[in-house]
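Analysis of the macromolecular model
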Amino acid sequence: MNKLTYFFATCLFLVCATTLQARTNRVTNEPDSVFLFSYSDANGQSGLRFAWSTEGTQWFSVADGYDYVKCDFGPWGRQKKMFRPRLMQNRADGRWHCLWTATQSGEVWAHAASADLLKWGPQSYFTEADRTKYLPSTIFPITEEKITVNGREEDGWMQRVPYSTIEQLVRFAEHKKYRQSLYDERAEQDPVRFAGLKPLEATINVQTSQTKPISEHLIGIFFEDINYAADGGLYAELIQNRDFEYSSKDGSREGWDSNYAWSVRGDDATFTIATANPIHENNPHYAVLNITKPGASFQNPGFDGITLKKGEKYDFSLFGRVPQGSKGGKVLVKLINQDGSEIASSSVNVSSKEWKKYSTQLIANADVRSAELALVPQTAGTYELDMISLFPRNTFRGHKNGLRADLAQTLADMKPRFVRFPGGCVAHGDGVDNIYDWKGSIGPLEARKPLRNLWGYHQTRGLGYFEYFQFCEDMGAEPVPVLAAGVPCQNSGTCSHHAKGELGCNGQQGGIPMEEMGAYIQDILDLIEYANGDAKKTVWGRKRAEAGHPKPFNLKFIGIGNEDLITDIFVERFTMIFNAIKEKYPEITVIGTVGPFYEGTDYDEGWALASRLNIPMVDEHYYVAPGWLIHNQDYYDRYDRNKSKVYLGEYAAHLPGRPNNIETALAEALYLTSVERNGDVVSMTSYAPLLAKEHHTQWNPDLIYFNNAEVKPTVGYYTQQMYGQNAGTDYLASSVSLNSKEDAVKKRVGVSVVKDNHTGDYIVKLVNLLPVEITSQIKLEDVALVNPTATKTLLSGDPKDKTAKSVTTDFEVKGNDFPYTMPAYSFTVIRIHENRK
Ligand code: AHR
């Protein structure tokens, strides 16, 4: 028997055996129809569940209480609730309709429809008054019942359905559960899964003449102001609450107010907050310091202390004014250590009757981890102060109002091809009133509009749109601003003015009122003009020039929407924005959104909208288990090449406890080999979130952790860096032949070979997510390399290792056929340069 005949004979045997098995599991006299009972957990914590019964007496739960549709209304997680779902089947077309209340009080109603009870369409939310609009005109009979299933009494609705409906429901859930069991595979099970596995051998054949161009923007970064990524993080300002604009709404914490982080030391002074005559209406609060006897000081500890470096210069400034009756005078500006020692000192002379900016420079005489700023007026009287600021002179690329050099450099070292900003959820905000308005983030610092950050703190927006554009330019990365699609975050927890009164204050994606959409769209068009418009002939181009950048920023991409629910409210607003941009700026690539998951209603609806409108690119998000990444390497192989391109805008491997370790980093590296292979359809990717300040972290894992003194790139950072620094312009076909036929083994080995046409380098990426090494022979076919030299960058370690770093060394490549042994649990990049004389 030759191999092919053997293969087909085996398949036939398996098919017959499986069918036989299935038959023997079947009961021949199954009922034609049974009772279907639909219900949800009495506390609203579950989705739509089913139980079934032949006679209506003994009940069986369908797929152990699997949730067939979950409510999307309300803020994150457990606050999304479903009460008393009433399931009805339309007699006319057989479609299923489910109505439920989304709040305990019953003020918010929800509706979703489905053809088969498995795939559900978008949800609508409304008040009871509108409930009848969602009821089918004729339905099959249903009755309200109380039943006992799995020992619990449940309230719900009962109707008769064909038994095949139950079978379908069960099959669907079983399939989902089976998939989930694959996704739950973790490296800690490897000693059992791969018990007895011996070191492997592989031959990797690369067809260097079979190439396809891939996106040059494949690896980028997504910056969101989460985890103190901006103020107290990348934005180099060292004074916390410099503008006295903190508000209890910002952090919803007691004491988080205008005077937060400020204090008076000494008995001879008081400090209050005033709003009567501010520098600018956007910045209404300022400090009034009343000194009865010189000596008292006004202090600020920065963000967890002010870290200073010996010999470095610091630029201090404040806006000051003295009211009638005070003459003002010299104010000492000191940086003092916790032991009281003076690390730097200078002074400003505050005597103007009008707001005036005063500046001076300080030089630190020691390395200090946690200093405080102290202002010490030398003359008694009243001082009105605002925008009290201290910046290191050494910012990234030396910009004033710049970025923290070490953090920004760590980002630049990834060689990102683009930067998406300013969020995530921060971009579309917590309710429409919290949508990130880009115009409020530009212009003089004292006139910028501070904004509550939905992650529970304050945004000065000193790091605003101008600074984002500048940062992109500094790194040679494309700017990718993302703006709300006229709707706030789908998990909004506040009342938006649209929803207030109608749907209660439980939070939901109410849209910008239609009468305000024109102005909102104009703001988006103005942003494009701000980035690209002529410095003299356009209003917004002129503003950019006034900010110090007459040359356009050359904006090519704009994101509209962030993992929104694809509801009518969204579709209407997105379409208006999309059409307006297309009409005025057809050269701009608009990036749409397809929800927060790799499948489901928003994913389906988002893709359907993308096809309808011909949206050039869509933003996909998925935070998934490493097992998902291992078992879905064909995800993009299946994508239609003629539809929208993909921006994988947020993704990360999540393990229980949310570490960032070798296991997650290698799973991401493995998946990225498949993304590179699909670099003709996937145009961009960015890991999320990017930055996290220690002790101020709302989300784990992140790519780079930091404190005031250190930057701590994670293992996952090195995966991103290895891809970013080794991007290609063309993908080369390759095949791996491994001396193991086990699926679990094969799926944990990934290879991607690209060529960088700018340098002519061949780049081989090899991922081994197995506990054994793989001795491989790499054959670059159809090419005769001349004097090749190569480097090897290796990231490896125990799956639980959270501290591994990549190491680059020279690597010997004698010709186009060379050996390499992939260590167990490793990611290697071999970069081959040809040295043609
Ligand atoms: O990356 C963190 C958050 O995850 C983003 O703000 C949001 O888009 C997603 O839900």
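Given the structure is predicted, the values throughout are model-derived calculations rather than measurements. (Residues numbered from 1 in each chain as written. Predicted model: local features only at pLDDT ≥ 70, side-chain atom pairs only at ≥ 80, totals over all residues. Heavy atoms only, no water.)

1. Structural notes on the layout of surface pockets
Reported here for the second largest pocket is a volume of approximately 790 Å³. Together, 33 residues line the second largest pocket, and K357, K400, N401, P444 and L445 are the ones closest to its centre. Of all the elements in the fold, those that place two or more residues in the lining of the second largest pocket are β17 (313-321), β20 (356-363), β22 (381-392), α7 (465-475) and α9 (539-546). The class makeup of the residues in the lining of the second largest pocket is twelve nonpolar, ten polar and eleven charged. (1 Å grid on protein atoms, 1.4 Å probe; cavity = no way out; pocket = protein on both sides within 12 Å on 5 of 7 lines; lining within 4 Å. Points joined across faces, edges and corners; volume = space filled by probe spheres on them. Helix = DSSP H or I, 4+ residues; strand = E, 2+ residues; numbered from the N terminus. Nonpolar A, V, L, I, M, F, W, Y, C, P; charged D, E, K, R; others polar.)

2. Quick notes on the pairing of strand β30 (residues 645-653)
Among the nine residues in β30, eight count as buried, and that is most of the element. Inspection of the sheet shows strand β29 (residues 617-624) paired to β30 by eight bridges, in the parallel sense. Each bridged residue has a counterpart across the sheet, and for Y623 the counterpart in β30 is A652. This β-α-β element, β29 to helix α12 (residues 626-631) to β30, shows right-handed connectivity. Judged from the four bridges that link them, β30 and strand β31 (residues 682-687) form a sheet pairing that is parallel. In the sheet register, L648 faces β31, and the bridge partner there is T685. (Buried < 20%, exposed > 50% of the residue type's maximum accessible area, 1.4 Å probe, protein only. Pairing = 2+ DSSP bridges. Right-handed = clockwise from strand over helix to strand, strands pointing away.)

3. Thoughts on the nonpolar core
Counting 132 residues, the largest nonpolar core has I581 and Y636 as the members making the most contacts within it. A domain-level breakdown of this core finds at least three residues from each of domain 3 (199-211 + 730-833) and domain 4 (221-227 + 398-724). Setting aside residues up to four positions removed in sequence, Y636 forms contacts with E620, Y622, R641, V646, L648, Y671, V675, N678, V681 and V682. (Core = buried A, V, L, I, M, F, W, Y, C linked by side-chain atoms within 4.5 Å. Domains from an automatic or database assignment. Contact = heavy atoms within 4.5 Å.)

4. Considering unusual backbone geometry
In this model, F421 is joined to P422 through a cis peptide bond whose omega is 0°. Examined against the element boundaries, P422 turns out to sit in the loop between β23 (418-421) and α6 (425-428). The residue after A688, namely P689, is reached through a cis peptide bond having omega -20°. Inspection of the secondary structure assignment puts P689 in the loop between β31 and β32 (691-693). Not every positive phi belongs to a glycine, and E563 is a case in point at roughly 35°. Following the sequence through the fold, E563 ends up in the loop between β27 (557-560) and α10 (568-584). Positive phi outside glycine occurs at R658, with the angle close to 55°. Looking at the secondary structure, you find R658 in the loop between β30 and α13 (662-677).

5. A look at the site of the ligand
By nearness alone, every residue bordering the ligand is listed as E224, G424, C425, W455, N562, E563, Y623, E650, A688, P689 and W699. In the model, an oxygen atom of the ligand is placed 3.0 Å from a nitrogen or oxygen of the N562 side chain. One of the side-chain N or O atoms of Y623 is found 2.7 Å from an oxygen atom in the ligand. Within the complex, the protein chains bury 97% of what would otherwise be the 280 Å² of accessible surface of the ligand. Of the residues that constitute the shell around the ligand, the class distribution is six nonpolar, two polar and three charged. (Near = heavy atom within 4 Å. Polar contact = N/O pair within 3.5 Å; in protein donor to acceptor, adjacent residues only side chain to side chain. Areas by Shrake-Rupley, 256 points an atom, 1.4 Å probe, with all protein chains shown as cover.)

6. Concerning the packing of aromatic side chains
Taken as a whole and judged by the stated rule, the model has 56 aromatic pairs. Judged by centre distance (6.4 Å) and plane angle (5°), the rings of F244 and F298 are stacked. Here F298 lies in strand β15 (residues 297-300) and F244 lies in the loop between β11 (221-222) and α4 (248-251), a separation of 54 residues in the sequence. Note on F466 and F553: the rings are 5.9 Å apart at their centroids and 70° apart in plane angle, and the pair reads as edge-to-face. (Phe/Tyr/Trp six-rings, centres within 6.5 Å; stacked < 30°, edge-to-face > 60°.)

7. Describing the packing of α7 against helix α8 (residues 514-532)
Between α7 and α8, the least distance of the axes is 11 Å, while the angle of their chain directions is 45°. Taken as axis vectors, α7 and α8 run oblique relative to one another. Of the two elements, α7 crosses α8, and the hand of that crossing is right-handed. Between α7 and α8, the residues in contact are Y465, F466 and F469 and L527, Y530 and A531, respectively. Considering only residue class, the contact of α7 with α8 consists of six nonpolar, no polar and no charged. (Axes fitted to C-alpha atoms, helices over the stretch in contact; angles between N-to-C directions. Parallel < 35°, antiparallel > 145°, perpendicular 65-115°, else oblique. Left-handed = near helix turned anticlockwise from the far one by under 90°.)

8. Digging into the side chain of S644
Within the secondary structure layout, S644 lies in the loop between α12 and β30. The class for S644 is buried, based on a relative accessible area of 5%. Those residues in contact with S644, other than ones at most four positions away along the chain, are W607, A610, I615, P616, M617, V618 and V681.

9. Here we look at the environment of Y647
Inspection of the secondary structure assignment puts Y647 in strand β30. Each C-alpha atom of the pair Y647 and R612 lies 18 Å from the other, and the pair is 35 residues apart in sequence. Leave out the neighbours within four places in its chain, and Y647 touches F222, F418, R420, I591, M617, V618, D619, E620, M684, T685 and S686. Polar side-chain contacts of Y647 include one of 2.7 Å to the side chain of S686.

10. So, the sheet that holds strand β1 (residues 33-39)
Read across the open sheet, the five strands follow the order β3-β2-β1-β9-β8; overall the sheet is antiparallel. Where the open sheet ends on each side, the last strands, each with one partner, are β3 (60-61) and β8 (143-149). Note: strand β2 (residues 49-53) against β3, two bridges, orientation antiparallel. Its bridge partner lying in β3, A51 is registered against S61.

11. As for the sheet that holds strand β38 (residues 774-781)
One open sheet holds the nine strands; their spatial order is β40-β39-β42-β37-β36-β35-β10-β38-β41, and the pairing between them is mixed. With partners counted over all chains shown, the strands left at the sheet margins are β40 (807-811) and β41 (817-822), one partner each. Averaged over neighbouring strand pairs, the angle between their axes works out to 20° when direction is ignored. Alignment of strand β36 (residues 749-756) against strand β37 (residues 761-768), held across eight bridges, turns out to be antiparallel. Looking across to β37, one finds that V753 is bridged to V764. Packing against the sheet, α13 makes contact with β10 (200-213), β35 (730-738), β36, β37, β39 (789-796) and β42 (826-833), and its axis sits at approximately 55° to β36. Across the sheet, helix α14 (residues 715-724) lies against β37, β39 and β42, angled at about 155° from β39, the strand it touches most.

12. Quick word on α10
Helical periodicity: at 3.6 residues per turn, an α-helix aligns residues three or four positions apart in one direction. For α10, built from 17 residues, the straight-helix expectation of 24 Å at 1.5 Å per residue is met to within 8% by its first-to-last C-alpha distance of 25 Å. For α10, every residue scored as buried is listed here: F570, R573, F574, T575, I577, F578, A580 and I581. (Expected span 1.5 Å × (residues − 1).)

13. Here we look at the pattern of salt bridges
Across all of its chains, the model carries 45 salt bridges by this definition. Across the salt bridge formed by E188 and K800, the nearest N and O atoms sit 3.5 Å from each other. Pair noted here: E188 is in the loop between α2 (163-183) and α3 (190-193) and K800 is in the loop between β39 and β40, with a separation of 612 residues, a long-range link. Exposure remark for E188: the relative accessible area of 47% places this residue in the partly exposed category. Close ionic contact of E342 with K334 constitutes a salt bridge, the shortest N to O distance being 3.2 Å. With relative accessibility at 38%, the residue E342 sits in the partly exposed group. Each of R84, E144, K146 and D155 takes part in a single network of salt bridges with overlapping partners. (Salt bridge = Lys/Arg side-chain N within 4 Å of Asp/Glu carboxyl O.)

14. Brief notes about the packing of α8 against α9
Where α8 meets α9, the closest approach of the two axes is 7 Å, and the angle between their N-to-C directions is 50°. Comparing the axis directions of α8 and α9 gives the class oblique. As α8 packs across α9, the resulting crossing turns out to be right-handed. Along its contact with α8, which presents D526, E529, Y530, A531 and N532, the element α9 presents V539, W540, G541, K543 and R544. Looking at side-chain class alone, the contact of α8 with α9 contains four nonpolar, two polar and four charged residues.

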